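# Topology and contacts: notes
For reference, the chains in residue letters:
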Amino acid sequence: MLTADKLKTLTNLGPCGLSTFLTQSGYKGQSFKTVKFLGITNGGQLCYSVTYPEDSAKSEEVGKVFITYNHINNSITADC
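Residues numbered from 1 in each chain as written. Predicted model: local features only at pLDDT ≥ 70, side-chain atom pairs only at ≥ 80, totals over all residues. Heavy atoms only, no water.

Now for the overall build of the chain. Summing up its helical and strand segments, the chain has 2 helices and 4 strands in all. The C-alpha radius of gyration computed for the chain amounts to 13 Å, which stays within 12% of the reference 12 Å derived for 80 residues, consistent with globular compactness. When the 80 residues of the chain are sorted by exposure, 30% land in the buried category. When contacts within the chain are restricted to residue pairs at least 6 apart in sequence, those whose partners lie at least 24 apart make up 30%. About 5200 Å² of surface is accessible on the chain, with carbon and sulfur atoms providing 52% of the total. The average position of the 7 basic charges and that of the 6 acidic charges among the side chains of the chain differ by 7 Å. (Helix = DSSP H or I, 4+ residues; strand = E, 2+ residues; numbered from the N terminus. Rg over C-alpha atoms; globule rule 2.2 N^0.38 Å. Buried < 20%, exposed > 50% of the residue type's maximum accessible area, 1.4 Å probe, protein only. Contact = heavy atoms within 4.5 Å. Areas by Shrake-Rupley, 256 points an atom, 1.4 Å probe, with all protein chains shown as cover. Lys, Arg positive; Asp, Glu negative; His and termini not counted. Charge placed at Lys NZ, Arg CZ, Asp CG, Glu CD.)

Laid out in structure tokens, this is it:
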């Protein structure tokens, strides 16, 4: 079960927290200037809108990061 406390934590991630989940999920060198929780997708993923730092090649881009919570394994993965 996704508890209220876990949901509160996962919907209030900052740039560092989101980058950490992406690193743990196999992405390298991801950093963000801003992150904003958008909502939960039809598939149950938590969706964030992200902007990249000004010194990044993607500095003008806005992207999305999706967080998946697996309640069976109590694991969290991220994908962008």
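Here the focus is the environment of Val35. Structurally, the position occupied by Val35 is in strand β1 (residues 34–40). Val35 sits 38 residues away from Asn73 along the chain, and the two C-alpha atoms are 26 Å apart. Excluding residues that lie within four positions of it along the chain, Val35 makes contacts with Leu13, Gly14, Pro15, Leu18, Tyr48, Ser49 and Val50.

For Ser19, the position within the fold is in helix α2 (residues 15–24). According to the relative accessible area criterion, Ser19 is buried, its value standing at 12%. A C-alpha to C-alpha distance of 17 Å links Ser19 and Gln45, two positions 26 residues apart in sequence. Residues within four places of Ser19 in sequence aside, it is in contact with Gln30, Ser31 and Phe32.

This part is about α2. Three or more residues of α2 are buried, namely Leu18, Ser19, Phe21 and Leu22. Take α2 and look down its axis: the buried residues cluster within an arc of 160 degrees, on one side only. Among the exposed residues of α2, those oriented more than 90 degrees off its buried face are Cys16 and Gln24. Each element contacted by the buried residues of α2 is listed here: α1 (4–10), β1, β2 (46–51), β3 (62–70) and β4 (75–79). Gly26 lies just past α2 and shows a positive phi near 105 degrees. (Arc of directions from axis to C-beta.)

This part covers the sheet that holds β1. Reading across from one edge, β1-β2-β3-β4 is the order of the 4 strands in this open sheet, with antiparallel pairing throughout. The sheet is open, and its two borders are formed by β1 and β4, each paired with just one other strand. Between one strand axis and the next, the sheet turns by 25 degrees as a mean value, whatever way the strands run. (Pairing = 2+ DSSP bridges. Axes fitted to C-alpha atoms, helices over the stretch in contact; angles between N-to-C directions.)

The values reported here are purely geometric and, on their own, carry no functional implication.
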